[in-house]
Structure formats: C-alpha cells, structure tokens
Amino acid sequence: MTTTAPVIASAPGKLFLIGEYAVLEGAPAILTAVDRRARVTLSDSNDGHWHLTAPNLDIHRLALGADGHGARGADEGLHDRLRVYRAVLAHVAAYLDSPLPPLDVHIDTTDFARDGHKLGLGSSAAVAAALTCALLARVGVEPAPARLAELAIAAHRDAQGGTGSGGDVATAVYGGIISYTRDQPPAPLVWPTGLAGVAVVTGTGASTTDLVGRVYTYGQRDPTGFASDLGRLAALAENAAADLDHAVRFVRLAREYFEALIALDHHAEAGIVSARHHQLHAAAADHGAVFKSSGAGGGDVGLLFTTPNVDETALRSDFQAVGAEIIELGFAAPGVALEATPDRPTGAHPATDRHRLR
C-alpha cells in the first residue's frame, strides 16, 4: 500500500476586542488572532478505516468506519465532542467531487487550555479552520481564503446548532486584526500606537451556545428590551474601527461597550458578566485602565486595555493582589497555515506581533 506524507495544518485562536453579541445582529466586531494554535495532522489510514485522536477531548484513536462518520451509537457526551469534526467532514465532502481517502486524524488543542480548563480562545473555530484546510489539502485543493472561510464557518455554525457569527472562524482563517460583519469578508486593521492589551484569566470557561441561548430567550421574553440593549451595543460597535486608530478613544469605547454588556446581561440574566469581571473592571478603573469581558463572557478570558499614561507596574501589582492571572498572548497572529503537505516540507510560522503591557 502506497502512503503519502502527512498533511499538517494549524489555525490561531481569537479574542473579541469589541462587538460581541452585537455581531450576531449584523453589527461589526473587531477581533484579533492570538498565538495559540490548533494543529491538525492527517495521515493515511493503514486499515481502510478512519480514526480520530483528540487528546484534549479524551478521544484516542476512535474508529470511525470507512466513511469517517462512524460511532453512530456513541453516547451523548462523545456525540457532542464529535460535532465539529463531523460537520467539517460533511461540508468538505459535499464540496469535493471525489471522496476523501480513509485517514488517521489527530487534533491538538493543547494551546487553548490551562490547568485542564478551556480559556475561551475559540478552540473549536480554530479546529474548524485547520481541519477544513487540511482535508482539502490532502486531495490537492488549496482554496482562496474567502472560500475556505465560507466552508469552515458553515461547518462550525452547523456544529453549534445554527448559532455563532462566524467571526471566530474568520479570524482563524485570515489572522491578524480584523473588522468582521456577519457573512462578509473581513477588513484588515492595524493595532494603534499607544494601546496595550493583555488577556486575563477570569474563570474556568463557559459554554458559548448556552450564553447566547439565554440572550435570545430574553429576546423572546422582552423583544423591546432586547432590541434596545442590542441597539446600544451595535451603535457602539459601529464606531470601533475608527476609534481603533486612537488609543484613548478606543479605551473609552471599550469601557462604554462593557457597560452596555452589563446592562444586557442584567436584563437577560444570562451570566455574561461575572462577579469576577466586575471586580477586575473596578480594579482597572482605579488606574485609568479598562477591563472587559471578551467574546461570550462567562468564565472565559477577559481583556485589560491601557494607554501610556497608566502606571502599568502598579496596575499589574493590584491585579496580582486580587489573584488575577495575566496570560501572555501575542496579538495579530498569522491565520490558517499549511505546515506540511506531501510535496511541501514542514515550515515555520511568520513572527507574531505582540501588544502587551510592558
């Protein structure tokens, strides 16, 4: 049996800077890719059947049949863990004219967890982008970023039951810092001079679909209040790309946006903003800085923004005093990349820009 060299693809995680929740209703959001990557390795199967290994999902060489969709009798927990894999496989198979060969699939999302807990950096979106890229590359197809994003976003949205803006997947595909409006190609942005940002661990992770579901339950319960809260967020999000050109204006916008999220969360009773978020927001405000949740919120990481007039040493000291852990992430990381294909040696990633407190 002739085998080919493995295909290896990787894609970055993401952070929402501004625009979470409003983006679901058509407003723009600003996201940055971060230097934590999901890595997918495809090797030819030696027994004519597909197998899946994903250690972070506690999946070890799971047999998936000759078509890759096996384990139909899986329990609910396993079925849930296979959602993104199965959705991507289905969308790629529908896109291709020829069937995929049986493969051994290895998915590594080690970068996206800390002490066994997900950080909320978009691991499933990064997997959707990397797996889509790898499966297409295995049969010699390397689509333009727009087409790759379209396929990966559709698969990821299916895996989430139809929810999700697609911004996390678009960030995984394109990388950098982007302005994203639902189902439109993103626009690249540049990090402003004088703005520093770091990620802060705020809990043990939260379910995006659960949080979004509670927000839309609020919309069914109180359509007028929902429209008012989302309208306020959307109006602020419309200014985000322009304000990103000026550090002080952007920090002010981040503060106003978080306050609007607090109002939405209070009315929806969703759990977007935790007691920990409130504590860190107050601690940052004491120094003229801003802390806000990022993405769906809940227990995921938050963002701390500062400008040059902030005493960063004192700010870090106060955050450490309340037990807040700053994690060092590089922003504007490169997007999805083929690290190796049968006719291409393993390559290195471009350098990642870093915008951190110093």
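Residues numbered from 1 in each chain as written. Predicted model: local features only at pLDDT ≥ 70, side-chain atom pairs only at ≥ 80, totals over all residues. Heavy atoms only, no water.

## Concerning the side chain of His51
Turning to its location among the elements, His51 is positioned in strand 3 (residues 51-54). Looking at His51, the relative accessible area reads 6%, which means it is buried. In this structure the side chain of His51 is engaged in a polar contact, spanning 3.2 Å, whose partner is the backbone oxygen of His49. Beyond its immediate chain neighbours, meaning those up to four positions away, His51 contacts Ser45, Arg61, Leu62, Ala63, Leu103, Asp104 and Val105. (Helix = DSSP H or I, 4+ residues; strand = E, 2+ residues; numbered from the N terminus. Buried < 20%, exposed > 50% of the residue type's maximum accessible area, 1.4 Å probe, protein only. Polar contact = N/O pair within 3.5 Å; in protein donor to acceptor, adjacent residues only side chain to side chain. Contact = heavy atoms within 4.5 Å.)

## What about the environment of Thr193?
Mapped onto the elements of the fold, Thr193 is located in the loop between strand 9 (187-189) and strand 10 (196-201). Residues Thr193 and Ala247, spaced 54 residues apart in sequence, show a C-alpha to C-alpha distance of 6.8 Å.

## Some points on the layout of surface pockets
Volume-wise, the largest pocket comes out at about 1200 Å³. Along the walls of the largest pocket sit 49 residues, with Lys118, Ser123, Ser124, Gln160 and Thr208 positioned nearest its centre. The biggest single contributor to the lining of the largest pocket is helix 3 (residues 123-138), with 4 residues. (1 Å grid on protein atoms, 1.4 Å probe; cavity = no way out; pocket = protein on both sides within 12 Å on 5 of 7 lines; lining within 4 Å. Points joined across faces, edges and corners; volume = space filled by probe spheres on them.)

## Quick notes on helix 9 (residues 247-268)
The end-to-end C-alpha distance of helix 9 is 31 Å, a good match for the 32 Å that 22 residues give at a rise of 1.5 Å each. Once helix 9 ends, the next one or two residues include Glu269, with phi positive near 55 degrees. (Expected span 1.5 Å × (residues − 1).)

## Brief notes about the packing of aromatic side chains
Across all of its chains, the model carries 4 aromatic pairs by this definition. When the ring of Phe250 is compared with that of Phe305, the centres are 5.4 Å apart and the planes differ by 90 degrees; the resulting orientation is edge-to-face. You can see Phe250 sitting in helix 9 and its partner Phe305 sitting in strand 12 (residues 302-306), a full 55 residues away along the chain. Its relative accessible area of 0% is what places Phe250 among the buried residues. On the basis of relative accessible area, Phe305 is assigned to the buried category, the value being 0%. One aromatic cluster in this structure is built from Tyr216, Tyr218 and Phe226. (Phe/Tyr/Trp six-rings, centres within 6.5 Å; stacked < 30°, edge-to-face > 60°.)

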